[in-house]
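Descriptive analysis of the structure
Take a look at the letters that make up each chain.
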Amino acid sequence: MIIEFEEQLLELIDARIETASDDELFAGGYLRGHISLSAAACEEEGINDVDALKERIQASLEAARSELTPADRTIVNDLWLELVNNA
């Protein structure tokens, strides 16, 4: 279940590439890393719950807050919310 959800999220990001703005491309690339690392950690720990994966991704983004400017955090967060709602 985790792998399927990860694939859905990554496919949604990929589907936007041709029409995405520079900011959206940045946010998509940034999110890909957090999504993939969180999914790998869940898989390694035997976690199959999609909600646990979402929480892990959100926690990963929160832990990395200082990496981004406030404007970039907003762009990443907005894309994350859009992906979760469409997946």
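Located above this text is the structure these notes cover.
So, how was this worked out
Residues numbered from 1 in each chain as written. Predicted model: local features only at pLDDT ≥ 70, side-chain atom pairs only at ≥ 80, totals over all residues. Heavy atoms only, no water. Helix = DSSP H or I, 4+ residues; strand = E, 2+ residues; numbered from the N terminus. Rg over C-alpha atoms; globule rule 2.2 N^0.38 Å. Buried < 20%, exposed > 50% of the residue type's maximum accessible area, 1.4 Å probe, protein only. Contact = heavy atoms within 4.5 Å. Areas by Shrake-Rupley, 256 points an atom, 1.4 Å probe, with all protein chains shown as cover. Lys, Arg positive; Asp, Glu negative; His and termini not counted. Charge placed at Lys NZ, Arg CZ, Asp CG, Glu CD. 1 Å grid on protein atoms, 1.4 Å probe; cavity = no way out; pocket = protein on both sides within 12 Å on 5 of 7 lines; lining within 4 Å. Points joined across faces, edges and corners; volume = space filled by probe spheres on them. Nonpolar A, V, L, I, M, F, W, Y, C, P; charged D, E, K, R; others polar. Salt bridge = Lys/Arg side-chain N within 4 Å of Asp/Glu carboxyl O. Axes fitted to C-alpha atoms, helices over the stretch in contact; angles between N-to-C directions. Parallel < 35°, antiparallel > 145°, perpendicular 65-115°, else oblique. Left-handed = near helix turned anticlockwise from the far one by under 90°.

1. Section: the overall build of the protein chain
When you go through the protein chain residue by residue, the secondary structure sums to four helices and zero strands. Relative to a compact globule of 87 residues, whose C-alpha radius of gyration would be 12 Å, the protein chain shows 12 Å and is just as compact. The C-alpha extent of the protein chain, read off along each of the three principal axes, is 35 × 30 × 20 Å. When burial is assessed residue by residue, the protein chain has 30% of its 87 residues classed as buried. For the protein chain, the share of sequence-separated contacts (at least 6 apart) that also reach a separation of at least 24 residues comes to 68%. In the form shown here, the protein chain has an accessible surface area of approximately 5,300 Å², with 50% of it arising from carbon and sulfur atoms. Of note, the protein chain has its 6 positive side-chain charges centred 6 Å away from the centre of its 20 negative side-chain charges.

2. What about the layout of surface pockets?
Here the largest pocket is characterised by a volume of approximately 180 Å³. Lining the largest pocket, in full, are Y30, Q58, L61, E62, A64, R65, L68, R73, T74, V76, N77 and D78. For the lining of the largest pocket, the secondary-structure elements that each account for two or more residues are α3 (50-63) and α4 (70-86). By residue number, the principal contributor to the lining of the largest pocket is α4, which donates five residues. For the lining of the largest pocket, the class distribution of residues is five nonpolar, three polar and four charged.

3. Focus on the pattern of salt bridges
Think of it this way: side chains of opposite charge can pair up when their charged atoms draw near. Per the stated rule, a full pass over the model turns up six salt bridges. Note that R32 and D14 form a salt bridge whose closest N and O atoms lie 2.7 Å from each other. Of this pair, R32 sits in helix α2 (residues 22-44) while D14 sits in helix α1 (residues 2-15); the two residues are 18 residues apart in sequence, bridging distant segments of the chain. Its relative accessible area of 37% is what places D14 among the partly exposed residues. Here E24 and R16 are joined by a salt bridge, their closest N and O atoms 3.2 Å apart. Each of the salt bridges in this network shares a partner with another, and the network as a whole consists of R16, E24 and E82.

4. Concerning the packing of α1 against α3
At a closest axis distance of 9 Å, the pairing of α1 and α3 adopts a crossing angle of 50°. By the angle class used here, α1 and α3 are oblique. Both α1 and α3 take part in a crossing whose hand is right-handed. Residues I2, F5 and L9 of α1 touch α3, and the partners they reach there are V50, L53, K54 and I57. Classifying every residue of the contact of α1 with α3 gives six nonpolar, no polar and one charged.

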